[in-house]
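# Structural characterization, general
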Amino acid sequence: MRALRRRAAAAAVVLPLLALFLVGACSGGPSLENQGAVTAPPGDSKHLTIGTAGFTESDVLAQMYALLLKQAGYSTKILSVANRELYEPALESGQIDVVPEYAATFADWLNAKTNGAKAPPVGSPDLDATMKALHGLAAPRGLTVLDPGRAVDQNAFAVTSAFAKQHRLKTLSDLGASGLKVRLAAGDECVQRPYCEPGLKKTYGIDVTGVDPKGVGTTQSKKAVQDGKDQMVLTTTTDATLSDFGLVLLADDKHLQNADYIVPVLNRSRAGSERVAKVLGALNSVLTTQDLASMNQQVDSWRRLPEDVARSYLESKGLLTS
């Protein structure tokens, strides 16, 4: 669900010529059989291309990566590429050197690419297990995955603040224990995804009476909850507009959702150096989920440019000198 949502959000911004270029150029990238590319020493190219999937959060992260690397002496540029089918092969081939990713989602994507679409998922709520699987899948492709920080963009569920206050709800466990009937605004796939309706019933005992297929975190779905037509909405932990609709998140206290922590992914032969890891690791050490939500809001609601938002944040944390 997460990958589909991000691709849809980003589809409008990719340039057709860029997409054609990447499709053609990436076909010559390293293969799993080219072990020389995999075992080569980490590279430290002075000219790095940062990839973004074109939606707000990815744009802001890419801008922060670019600004920090530029300050460290690298020449940087940013490419917006709509989906993983394009940017992941470009990352393997070295046309893109660094990209912000999501641990569990990217692990499952690489797993399907390596072992087939029907391969059992390797992403899970267990961050350590997810990262172990991700490292194992990324390394043979010449990719280096840096350690996650504190920021995570997971699927999440929200209700109105009035509903939460009335029924004393802070967690999804509270909602399950309340016995309240809940109609859920979400994507239509929610009825069969283990982290959505089935998981809410099995893990939390929530009485989901039906799914209103208005999409994941869309204005329509949040408005339906705000108006009382639905009682809960599927969104994400970094949704910047919840307060605009009077909504609050219920904590996933039993860890139903996968560990989609923010992780920088690097082309090892061009950007796998300790220096790059140290530069980007400094950001991961301070960046939080709340920080991401705030920056998303500044871009989406306040109409600030992603580069300006990224620069202001880095300066406020002492990571970037003006």
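Right, let's walk through the structure included here.

With that settled, the discussion passes to the overall build of the chain. Counting its regular elements, the chain contains 15 helices and 10 strands. By the burial criterion, 53% of the 322 residues in the chain qualify as buried. By element, 54% of the accessible surface of the chain is carried by carbon and sulfur atoms, the whole surface being about 14,200 Å².

A few words now on helix H5 (residues 84–93). Of all 10 residues in H5, 8 are buried, a share of seventy percent or more. Turning to H5, its buried residues number three or more, namely Arg84, Leu86, Tyr87, Glu88, Pro89, Ala90, Leu91 and Glu92. Looking at where H5 begins, the residue whose side-chain oxygen comes 3.2 Å from the main-chain nitrogen of Glu85 is Asn83. Count one or two residues on from H5 and you reach Gly94, which has phi positive near 90 degrees.

When two helices pack together, their arrangement is given by the angle between their axes and by how far apart the axes lie. Between H5 and helix H6 (residues 103–115), whose axes approach to 12 Å, the crossing angle comes to 80 degrees. Taken as axis vectors, H5 and H6 run roughly perpendicular relative to one another. Residues Arg84, Glu85, Glu88, Pro89 and Glu92 of H5 form the contact with H6, whose own contacting residues are Thr105, Phe106, Trp109, Leu110 and Lys113. Its residues placed into classes, the contact of H5 with H6 shows 4 nonpolar, 1 polar and 5 charged.

A general tendency of soluble globular proteins is for nonpolar side chains to be buried together. Residues Met64, Leu134, Leu280, Leu283, Leu287 and Leu314 are the most contacted members of the largest nonpolar core, which totals 56 residues. Tallying contributions element by element places helix H4 (residues 56–71) first for this core, with 9 residues. When residues no more than four places from it in sequence are discounted, the contact partners of Leu280 are Tyr65, Leu69, Val98, Leu146, Pro264 and Leu266. With 24 residues, the next largest nonpolar core counts Val159, Tyr195, Ile206 and Met232 among its residues.

Where helix H14 (residues 289–300) contacts helix H15 (residues 306–316), the axes come no closer than 9 Å and their chain directions differ by 145 degrees. The element H14 and its partner H15 pack so that their crossing is right-handed. Between H14, through Asp291, Met295, Gln298 and Val299, and H15, the contact on the second element is made entirely by Pro306, Val309 and Tyr313. Partitioned by chemical class, the residues of the contact of H14 with H15 number 5 nonpolar, 1 polar and 1 charged.

Two residues of an α-helix separated by three or four positions point the same way, owing to the 3.6 residues in each turn. Taking 1.5 Å of rise per residue, the 16 residues of H4 would be expected to cover 22 Å, and the 23 Å separating its terminal C-alpha atoms lies within 8% of that figure. Following H4 by one or two positions, Gly73 adopts a phi angle in the positive range, close to 105 degrees.

On to the environment of Asn155, then. Its location among the elements puts Asn155 in strand E5 (residues 155–160). Classification of Asn155 as buried rests on a relative accessible area of 10%. For the pair formed by Asn155 and Asp239, sequence separation is 84 residues and the distance between their alpha carbons is 9.7 Å.

Definitions and cut-offs
Residues numbered from 1 in each chain as written. Predicted model: local features only at pLDDT ≥ 70, side-chain atom pairs only at ≥ 80, totals over all residues. Heavy atoms only, no water. Helix = DSSP H or I, 4+ residues; strand = E, 2+ residues; numbered from the N terminus. Buried < 20%, exposed > 50% of the residue type's maximum accessible area, 1.4 Å probe, protein only. Areas by Shrake-Rupley, 256 points an atom, 1.4 Å probe, with all protein chains shown as cover. Polar contact = N/O pair within 3.5 Å; in protein donor to acceptor, adjacent residues only side chain to side chain. Axes fitted to C-alpha atoms, helices over the stretch in contact; angles between N-to-C directions. Parallel < 35°, antiparallel > 145°, perpendicular 65-115°, else oblique. Contact = heavy atoms within 4.5 Å. Nonpolar A, V, L, I, M, F, W, Y, C, P; charged D, E, K, R; others polar. Core = buried A, V, L, I, M, F, W, Y, C linked by side-chain atoms within 4.5 Å. Left-handed = near helix turned anticlockwise from the far one by under 90°. Expected span 1.5 Å × (residues − 1).

All we've got here are geometric facts, nothing functional implied.
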